[in-house]
Amino acid sequence: MRVYFLSYVPAALKLNGIYLGTIDGFERHIELDPNDGVLAEIVPDGNLQPLNFFLNEKFFKSPPKFADVYKTDGDAIVYIREYAAKDISISVIFQTRFAGNLITAFTQGNLYLSIEGADYSLTQLPTQFINLKAEVKQLSGREVLALSADNRLIIISDNGKIIFSNAAEEAEFSDSLKIRAPFETCTAAKAECVYGYDGESLSLLSSRTVETRPPEKEIAHFAFFESVLTCGNFADFLSDSLKPRANDLKSYLGNFVSVTVPPEKFYLMHGEIAAAGLVYPIASNLYEVKYYAVEFDGEKIDNVFPVE
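Here the structure is a predicted model, which is why all the values come from computation and not from measurement.

1. Concerning the environment of S174
- Position of S174 relative to the elements: it lies in the loop between β17 (170-173) and β18 (177-182).
- Along the sequence, S174 and V261 sit 87 residues apart, while their C-alpha atoms lie 41 Å from each other.
- Sequence-distant contacts of S174, defined by excluding residues within four places in its chain, comprise Q138, L139 and S140.

This is how it looks when you write it as structure tokens:
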């Protein structure tokens, strides 16, 4: 079994006490047998807490919360996406009173948002909210508190509930909420969504995906699968003969949640074909990668098929 390692920060990797090098955003791999129960130790940069765990059958069936595991062609990709901080002292980074609620953002190992009012809630925040900006806005005639940081937005209602938490590079507050959110795609696609607000919750009124640039030919197949995922203009990628079947693609490809580049081993087995890995959730932190390829008729896609 080939196991690929990725880490959101550079980290040293040891297996059974042997230092094997560093892991980061580029894949590193080893061959191992899960029945051997290899002990993995990962020591991250940035004075974060190290991790240790056994690479065994249990790990690959039920990953711990700090790791995502992707099963692919009998192999596995292990992505370490979370490390605990060594400093677990409490530090308040933002606090305000809003509509009878005490809103506090603080660090204690991780970054958290607490809301104290008629009820109490505690929510872990993405790390970019360490530099949050807060503004009181009017939405459908009611005050809401908007917390923004690095293209992300959280909206808290006047009754102390989080009613929105998602990516947003632009937000317009009026009789409705209008959001423009970026996707990390080959076409730099953006979602434009409009929400209604009844004082309790948001409801989606309309949405569309705008693809802001054409992809280069060599990555057009990735852009196509991303366009299907984000509900973009994926029919524009198809040949005249395939375009009438565009509406069948969603059911044909299934409920995948992301698109990834196949590893080196895939190309060694199948050659340099125009393929992409589609990621399907199995359980918490556990995914399956299935590979689909396309064939072109000139500049347009004329066939979409699974790679066996």
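2. Topic: the sheet that holds strand β16 (residues 162-167)
- The strand order across the open sheet built from 4 strands is β13-β14-β15-β16, with neighbouring strands paired in antiparallel fashion. Looking at which strands have only one partner, the edges of the open sheet turn out to be β13 (133-139) and β16. Ignoring which end each strand starts from, the neighbouring axes of this sheet average 20° apart.
- With 5 bridges joining them, strand β15 (residues 152-156) and β16 adopt antiparallel strand pairing. Bridging from a neighbouring strand, R152 pairs with A167 of β16.

3. Digging into helix α2 (residues 220-229)
- Along α2, 9 of the 10 residues are buried, which leaves the element largely enclosed by surrounding structure.
- What α2 keeps buried is the set A220, H221, F222, A223, F224, F225, E226, S227 and V228.
- For α2, the elements touching its buried residues are α3 (249-253), β21 (258-260), α4 (264-270), β22 (275-283), β23 (286-297) and β24 (300-306).
- Immediately downstream of α2, the backbone of C231 shows phi near 60°, a positive value.

4. Structural notes on the environment of L48
- Mapped onto the elements, L48 comes out in the loop between β5 (38-44) and β6 (51-55).
- Measuring from C-alpha to C-alpha, the distance between L48 and D24 comes to 15 Å, with 24 residues separating the pair along the chain.
- The contacts of L48, once residues within four sequence positions are left out, are Y8, V9, Y83, A84, A85 and K86.

5. Topic: the side chain of S239
- Tracing the sequence through the fold places S239 in the loop between α2 and α3.
- Since its relative accessible area comes to 6%, S239 is described here as buried.
- For S239, the side chain forms a polar contact with the side chain of S241, separated by 3.1 Å.
- Not counting the four nearest positions on each side in its chain, S239 is found in contact with K300, I301 and D302.

6. A look at unusual backbone geometry
- In this structure, A188 is a non-glycine residue whose phi angle is positive, near 50°.
- Inspection of the secondary structure puts A188 in the loop between β18 and β19 (190-197).

7. Looking at the packing of aromatic side chains
- Summed over all chains, the structure comprises 13 aromatic pairs.
- Plain terms: the ring middles of F59 and F60 are 5.3 Å apart, the flat faces sit at 90° to each other, and that makes the pair edge-to-face. Here F59 matches F60 in class, with each residue buried.
- Centroid distance F266 to Y291: 4.6 Å. Interplanar angle 40°. Geometry classified as tilted. Pair noted here: F266 is in helix α4 and Y291 is in strand β23, with a separation of 25 residues, a long-range link.
- A relative accessible area of 4% places Y291 in the buried class.
- Aromatic rings pair up to connect F53, F59, F60 and F66 into one cluster.
- A cation over a ring is seen here: K217 above F296, with NZ or CZ 5.0 Å from the ring centre.
- Lying across the ring of Y280, K290 places its NZ or CZ 4.9 Å from the centre.

Procedures and definitions
- Residues numbered from 1 in each chain as written.
- Predicted model: local features only at pLDDT ≥ 70, side-chain atom pairs only at ≥ 80, totals over all residues.
- Heavy atoms only, no water.
- Helix = DSSP H or I, 4+ residues; strand = E, 2+ residues; numbered from the N terminus.
- Contact = heavy atoms within 4.5 Å.
- Pairing = 2+ DSSP bridges.
- Axes fitted to C-alpha atoms, helices over the stretch in contact; angles between N-to-C directions.
- Buried < 20%, exposed > 50% of the residue type's maximum accessible area, 1.4 Å probe, protein only.
- Polar contact = N/O pair within 3.5 Å; in protein donor to acceptor, adjacent residues only side chain to side chain.
- Phe/Tyr/Trp six-rings, centres within 6.5 Å; stacked < 30°, edge-to-face > 60°.
- Lys NZ or Arg CZ within 6 Å of the ring centre and 35° of its normal.

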